[in-house]
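# A look at the structure
Below, each chain spelled out in residue letters.
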Amino acid sequence: MTLPRLLRRAAALALVAAAGPGPAFAQTSIRIAPGHRTVVAVGQRFDLRVEATGADEAGAPPSGLVVTLGDRDVTALNILDPGVDGERGAGGTGATDEALEPRHRAARAPGHTTNFLVRDRSFDVPGTYTIRARTDDGATAEATVVVEPWQDTRAGAPRVRNVILLLGDGMGIAARTAARIVSRGVSHGKANDWLAMDRMEVTGLVMTSSLNSVITDSAPGMSALSTGSKGNNNQVGVFPDNTVDDAFDNPRIEYLGELMRRVRGEGFRTGLVTTADVADATPAGNAVHSANRNALAPIARQYLAERHRNGVSVLLGGGSRHFTRAPSDGAPTLLDDFEAAGFSAVTTAAEVEALLASPEAPPAQLLGLFHPGHMNVAFDKLGAGRYSDELTQPAYAALRDQPMLDDMTRLALASLDAHAPDGFYLMVEGASIDKQAHAVDAERTIWDTIEFDRAVAVALEYAARTNGDDDPDNETLVLVTADHETGGMALVAVGNERYDPARIGVASRDYAAVFRFEATQTLNFETNYQADSDGYPTDPDPSRKLLVAWGAGPDRFENWMSNRRVVAPAVHGEPEPDGRRVAVANPARDGDGDETDNRTVEGDPIPGFLVQGVIEDGALGCPDEWGCPDDTAAMPQVISGHTASDIPLSASGPGALQFTGTYDNTEVFLKMLRALGGSWAGVAGGRP
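Note that the structure is predicted; figures quoted are calculated from it, not measured.

## So, the overall build of the protein
- Secondary structure assignment for the protein yields 16 helices and 29 strands.
- By the compact-globule yardstick of 26 Å for 688 residues, the protein fits well, its C-alpha radius of gyration being 26 Å.
- Here the C-alpha coordinates of the protein stretch approximately 80 × 70 × 60 Å along the principal axes.
- Here the protein, with 688 residues, has 56% of them falling under the buried criterion.
- Within the protein, residue pairs in contact and separated by at least 24 positions form 70% of the contacts whose partners lie at least 6 positions apart.

## A word on the pattern of salt bridges
- Taken as a whole and assessed by the stated rule, the structure comprises 32 salt bridges.
- Where Arg 103 meets Asp 120, a salt bridge forms, and the shortest distance between an N and an O atom there is 3.3 Å. With a gap of 17 residues between them, Arg 103 in the loop between strand 5 (72–73) and strand 6 (113–121) and Asp 120 in strand 6 connect regions that are remote in the sequence.
- The exposure class of Arg 103 is buried, given its relative accessible area of 13%.
- Taking relative accessible area as the criterion, Asp 120 reaches 22% and is therefore assigned partly exposed.

## Some details on the packing of helix 2 (residues 173–184) against helix 14 (residues 442–468)
- Following both chains from N to C, one finds helix 2 and helix 14 inclined at 85 degrees, their axes separated by 9 Å at the closest point. It follows that helix 2 is roughly perpendicular to helix 14 by the angle criterion. On helix 14, the residues touching Ala 175, Arg 176, Ala 178, Ala 179, Val 182, Ser 183 and Arg 184 of helix 2 are Ile 446, Trp 447, Thr 449, Ile 450 and Asp 453.
- Tallied by class, residues from the contact of helix 2 with helix 14 come to 7 nonpolar, 2 polar and 3 charged.

## Let's talk about unusual backbone geometry
- With an omega of 5 degrees, the peptide bond between Ala 33 and Pro 34 qualifies as cis.
- One can find Pro 34 in the loop between strand 1 (28–33) and strand 2 (38–41).
- Even without a glycine there, the phi angle at Asp 85 is positive, about 55 degrees.
- Along the polypeptide, Asp 85 turns up in the loop between strand 5 and strand 6.
- Positive phi, normally seen in glycine, also occurs at Asn 234, with a value near 85 degrees.
- Inspection of the secondary structure assignment puts Asn 234 in the loop between helix 3 (218–227) and helix 4 (256–264).
- For Asn 234, a relative accessible area of 26% gives the class partly exposed.

## Things to note about the pairing of strand 7 (residues 127–134)
- Sheet topology note: the strand 4 (residues 66–69)/strand 7 ladder contains 4 bridges and is antiparallel. When the bridges of strand 7 are listed, Val 67 appears paired with Ala 133.
- Pairing between strand 7 and strand 8 (residues 140–148): 8 bridges, direction antiparallel. By the bridge assignment, Thr 128 is partnered in strand 8 with Val 146.
- Hairpin connection between strand 7 and strand 8: a loop of 5 residues separates the two successive antiparallel strands, and Gly 138 in this loop has a positive phi of roughly 95 degrees.

## Concerning the environment of Val 74
- Here Val 74 is to be found in the loop between strand 5 and strand 6.
- When the C-alpha positions of Val 74 and Val 118 are compared, they lie 9.1 Å apart, and in sequence the two are 44 residues distant.
- Those residues in contact with Val 74 that lie beyond four places of it in its chain are Val 67, Thr 68, Leu 69 and Phe 116.

## Description of empty space enclosed by the protein
- Enumeration according to the criterion identifies 3 cavities of 30 Å³ or more in this entry.
- By volume, the largest cavity amounts to about 140 Å³.
- Going through the elements one at a time, helix 14, strand 22 (546–550) and strand 23 (556–558) are the ones with two or more residues in the lining of the largest cavity.
- The class makeup of the residues in the lining of the largest cavity is 9 nonpolar, 1 polar and 7 charged.

## Considering the layout of surface pockets
- Reported here for the second largest pocket is a volume of approximately 440 Å³.
- Contributing to the lining of the second largest pocket are His 438, Ile 615, Glu 616, Asp 631, Met 635, Gln 637, Ile 639, Ser 640, Gly 641 and His 642.
- Looking at the lining of the second largest pocket, its residues break down into 3 nonpolar, 5 polar and 2 charged.

## What about the state of the cysteines?
- Tallying each qualifying case throughout the model produces 1 disulfide.
- One disulfide bridge connects Cys 622 with Cys 628, the sulfur atoms lying 1.9 Å from each other. Residues Cys 622 and Cys 628 are joined through a disulfide that is right-handed, its torsion about the S-S bond being 85 degrees.

## Describing helix 2
- When the terminal C-alpha atoms of helix 2 are compared, their 16 Å separation across 12 residues agrees well with the 16 Å that a helix rising 1.5 Å per residue should span.
- Looking only at helix 2, the buried set comprises Ala 174, Ala 175, Arg 176, Ala 178, Ala 179, Ile 181, Val 182 and Ser 183.
- Just past helix 2, the residue Gly 185 takes up positive phi, approximately 85 degrees.

## Some thoughts on the sheet that holds strand 17 (residues 424–430)
- What the 10 strands build is an open sheet, ordered 15-16-14-13-17-9-18-28-12-29; its pairing is mixed. Among the strands making up the open sheet, the edge pair consists of strand 15 (344–346) and strand 29 (662–664). Strand-to-strand twist in this sheet, taken as the mean axis angle between neighbours without regard to direction, amounts to 20 degrees.
- Where strand 13 (residues 269–277) and strand 17 come together, 6 bridges link them in parallel fashion. Across the sheet, the residue bridging to Gly 271 is Leu 426, located in strand 17.

## Section: the sheet that holds strand 2
- Strand order in this open sheet of 5 strands is 2-8-7-4-5, and the pairing throughout is mixed. A strand with exactly one partner marks an edge of an open sheet, and here the two such strands are strand 2 and strand 5.
- Against the sheet, helix 16 (residues 665–677) contacts strand 2 and strand 8, and its axis sits at roughly 15 degrees relative to strand 2.

## Brief notes about the packing of helix 10 (residues 349–357) against helix 12 (residues 405–419)
- Packing of helix 10 against helix 12 leaves a shortest axis separation of 10 Å and a crossing angle of 45 degrees. Regarding the angle of helix 10 to helix 12, the classification is oblique. Our pair here, helix 10 against helix 12, has a crossing hand that is left-handed. Here Val 352, Leu 355 and Leu 356 of helix 10 come into contact with helix 12, specifically with Asp 407, Arg 410 and Leu 411.
- Class assignment for the residues of the contact of helix 10 with helix 12 results in 4 nonpolar, no polar and 2 charged.

## Details of the packing of aromatic side chains
- This structure, assessed with the given rule, holds 12 aromatic pairs.
- Between Phe 379 and Tyr 387, the aromatic rings sit 4.8 Å apart at their centres with planes inclined by 50 degrees, giving tilted as the arrangement.
- Judged by relative accessible area, which is 0%, Phe 379 ranks as buried.
- The exposure class of Tyr 387 is buried, given its relative accessible area of 2%.

What counts and what doesn't
- Residues numbered from 1 in each chain as written.
- Predicted model: local features only at pLDDT ≥ 70, side-chain atom pairs only at ≥ 80, totals over all residues.
- Heavy atoms only, no water.
- Helix = DSSP H or I, 4+ residues; strand = E, 2+ residues; numbered from the N terminus.
- Rg over C-alpha atoms; globule rule 2.2 N^0.38 Å.
- Buried < 20%, exposed > 50% of the residue type's maximum accessible area, 1.4 Å probe, protein only.
- Contact = heavy atoms within 4.5 Å.
- Salt bridge = Lys/Arg side-chain N within 4 Å of Asp/Glu carboxyl O.
- Axes fitted to C-alpha atoms, helices over the stretch in contact; angles between N-to-C directions.
- Parallel < 35°, antiparallel > 145°, perpendicular 65-115°, else oblique.
- Nonpolar A, V, L, I, M, F, W, Y, C, P; charged D, E, K, R; others polar.
- Pairing = 2+ DSSP bridges.
- 1 Å grid on protein atoms, 1.4 Å probe; cavity = no way out; pocket = protein on both sides within 12 Å on 5 of 7 lines; lining within 4 Å.
- Points joined across faces, edges and corners; volume = space filled by probe spheres on them.
- Disulfide = S-S within 2.5 Å.
- Expected span 1.5 Å × (residues − 1).
- Left-handed = near helix turned anticlockwise from the far one by under 90°.
- Phe/Tyr/Trp six-rings, centres within 6.5 Å; stacked < 30°, edge-to-face > 60°.

Structural data, given as structure tokens:
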């Protein structure tokens with residue numbers, strides 16, 4: 001047996017173990033989705049798929065696949081086409097019956113597999129259910145699914161009408177702390193003021209691992225919060241399957257917005273607001289079902305195609321290129337289709353401000369597209385021509401009127417408040433907290449966290465109105481959290497003014513002063529930022545600035561000064577003799593030379609020093625004499641990675657007390673549902 005075949009055999013055996021108890025060395029491996037230990041809500045829809053894989057890729061598929069759900073044999077419900085010997089799903093057949101809805105169809109799987117698929121299942125009664133599968137050769141697998149209640153049908157149950165989930169992508173505790181220090185300042189050992197998110201009544205800690213990795217990416221990180229189920233990295237709203245040629249046929253799990261729209265009716269709506277491309281992983285992870293978070297154009301189309309299911313009526317962010325690109329066949333653009341469906345498009349901050357200033361309610365359906373890709377960050381919008389040169393470049397001439405996240409949030413809430421009589425779910429993402437932490441850009445990360453907190457303040461102001469009036473049926477729960485932490489961000493020092501790079505003309509580690517044990521301390525360890533009325537510093541590089549290090553960063557140069565342009569911290573070097581390329585620090589950012597972005601706001605060059613990263617850079621090559629197949633070779637990283645750190649979640653409003661303690665990200669979904677269903681009262685420590 002060849003090495004790749006051996007590796008695949010080992011992986012197949014691992015799948016048997018992952019699916020649950022079964023024979024250790026069966027010739028067939030079986031995978032079940034939903035997987036073992038999945039938790040779903042009563043009434044929440046999911047697709048059930050079982051995959052029986054033969055050990056020989058060139059051999060016949062397993063035969064006699066039987067699937068039971070509890071005590072019921074559901075094999076006959078298989079919607080896959082008949083295959084080998086007439087058995088449905090045998091030989092990897094797909095679901096191609098034209099009578100099926102397009103979203104129910106499925107592509108072919110490998111020929112040495114036999115599969116089972118049924119769509120839109122749900123459980124009406126709480127409890128523990130076991131899915132079992134077996135084949136004629138004796139292979140077996142099982143997965144236990146727990147079904148949780150969430151609705152209190154008694155009159156007067158304390159239900160919330162609305163949920164607002166604000167997600168600072170990649171925002172760990174260090175980002176929150178940095179935003180407070182930089183924006184509010186510290187004196188006499190205490191914060192001069194608090195962030196809006198600091199003032200929320202309850203804070204807990206959320207575990208973030210994905211289905212196939214201790215360290216998640218944004219796709220399953222968001223989906224876990226909005227579906228209650230784990231997914232693989234790169235996937236949103238689905239379980240993994242073996243039809244690799246179709247990213248949109250995977251078994252689905254229903255989102256909170258989809259579920260609530262079915263339960264409450266068309267008067268329940270979903271809003272998605274982001275500073276990223278609207279087809280990016282986090283917004284998509286609330287309404288779109290795909291095994292490929294990077295299939296951006298099809299993701300954008302699915303928002304519209306399934307709008308009656310997902311309830312998305314407000315979609316604000318970047319990504320206009322997916323909507324304005326003209327099809328080659330002369331068909332209307334996606335933007336044309338959205339407008340034909342009743343959406344009103346806005347493209348500038350001025351248009352947002354006009355809608356907010358109007359005495360009329362904003363349109364019921366809003367599509368805001370403010371950038372072809374990800375929106376520019378707060379640091380560059382606010383500092384343009386002062387401490388940032390990014391938006392002064394000619395390429396951005398048409399993009400200098402992008403709204404801030406707080407105004408986008410205000411507009412979304414105004415629309416949903418006016419047009420969602422049965423409540424709404426609004427997700428607001430501060431996307432570039434993550435993207436700038438990937439770039440190990442401290443100032444841009446912190447500025448975007450400040451911007452995000454201003455959006456939090458808008459949400460809390462709205463909730464204060466609904467929760468403080470005389471109407472008991474319009475309550476709002478507000479949550480602030482993240483999908484994961486990015487970069488291993490650490491607040492390591494306050495700048496020692498004697499070594500201020502802008503003052504002495506050189507960057508040194510000695511600028512990063514560590515606390516002293518002297519009886520009489522002369523060195524000033526308090527930052528000296530000056531913030532404007534909105535909480536943004538007027539100068540990003542005061543003499544005593546907050547200094548940030550990155551535990552999951554690549555090699556880079558560091559001069560402690562803010563960067564006037566957005567420049568990658570590392571690049572791939574010249575090819576090695578074996579063709580691989582090693583990740584090396586980018587001399588164009590804080591390096592020494594005429595073409596580097598190493599200058600202060602005043603234009604003085606400050607060459608940086610080399611900071612060695614700790615994540616994979618590809619320098620070693622493959623050390624295994626048998627080779628490094630598939631994705632097992634080192635992947636040289638030119639940006640920082642995510643980390644496995646737990647992240648904070650803060651809550652305010654009815655149901656907030658559920659969010660104390662430490663819990664898995666999938667539990668957030670059920671806690672939100674219990675608030676919406678009125679069953680949250682009496683839930684201690686977040687667990688009934």
